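Residue strings, one per chain:
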Amino acid sequence: MKIELSVFLATISSILITLIMAIEFIEERKKTMVEKNAHLKKEKCEVCTSIYFISSTLKYWRCPYCNSLNK
C-alpha cells in the first residue's frame with residue numbers, strides 16, 4: 001500500500017496542529033480558572049449616595065458620577 005507524500009504530510013500536519021491547539025486551550029483554561037484575589041468592599045458616596053464596590057486597599061476613592069473625593 002502506497003501513501004502519497006502530500007497526503008502523509010497533510011495528515012501529520014493536521015494532527016500536529018490539532019494537538020497544539022488542544023494544549024493551548026488547556027493552558028488558557030488553567031489561567032482563567034485561577035482564583036482571583038480581588039477583595040472588594042461596598043462603599044457609599046457621601047455626596048450623591050451612590051453605592052460602589054471598590055478595592056479594600058484604597059483609602060480614598062473618587063465617585064464616577066459626582067466626581068467627589070470620598071474616604
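Everything numeric in this text was worked out from a predicted model, so none of it was measured.

Draft legend 1. Geometry of the environment of methionine 21. Relative to the helices and strands, methionine 21 resides in helix α1 (residues 5-33). We classify methionine 21 as exposed; its relative accessible area is 56%. Along the primary structure methionine 21 and proline 64 are separated by 43 residues, whereas in three dimensions their C-alpha atoms are 42 Å apart.

Draft legend 2. Local environment of the confidence of the model for the protein chain. Overall, the prediction assigns the protein chain a mean pLDDT of 85, with 92% of residues at 70 or greater. The weakest mean pLDDT in the protein chain belongs to strand β4 (residues 69-70) at 80; the strongest belongs to α1 at 92.

Draft legend 3. Structural context of the packing of aromatic side chains. Evaluated as defined, the whole model comprises two aromatic pairs. Taking 5.8 Å as the distance between ring centres and 70 degrees as the angle between the ring planes, the aromatic pair formed by tyrosine 52 and tryptophan 61 counts as edge-to-face. Look at tyrosine 52 and you get buried, because its relative accessible area is 14%. Assessed through its relative accessible area of 6%, tryptophan 61 is described here as buried. The interplanar angle of 45 degrees and the centroid separation of 6.2 Å between the aromatic rings of tyrosine 52 and tyrosine 65 together place this pair among those described as tilted.

Draft legend 4. Summary view of the side chain of serine 50. Inspection of the secondary structure puts serine 50 in the loop between β1 (40-44) and β2 (51-55). What serine 50 contacts, discounting residues up to four positions off in sequence, is Glu43, Lys44, Cys45 and Tyr65.

Draft legend 5. Broad picture of the pattern of salt bridges. Using the criterion set out here, one finds two salt bridges in the structure. Across the pair lysine 30 and glutamate 27 runs a salt bridge whose closest N-O atoms are separated by 3.9 Å. With lysine 30 and glutamate 27 both in helix α1 and three residues apart, this pair spans about one turn of that helix.

Conventions we followed
Residues numbered from 1 in each chain as written. Predicted model: local features only at pLDDT ≥ 70, side-chain atom pairs only at ≥ 80, totals over all residues. Heavy atoms only, no water. Helix = DSSP H or I, 4+ residues; strand = E, 2+ residues; numbered from the N terminus. Buried < 20%, exposed > 50% of the residue type's maximum accessible area, 1.4 Å probe, protein only. pLDDT = per-residue confidence, 0-100. Phe/Tyr/Trp six-rings, centres within 6.5 Å; stacked < 30°, edge-to-face > 60°. Contact = heavy atoms within 4.5 Å. Salt bridge = Lys/Arg side-chain N within 4 Å of Asp/Glu carboxyl O.

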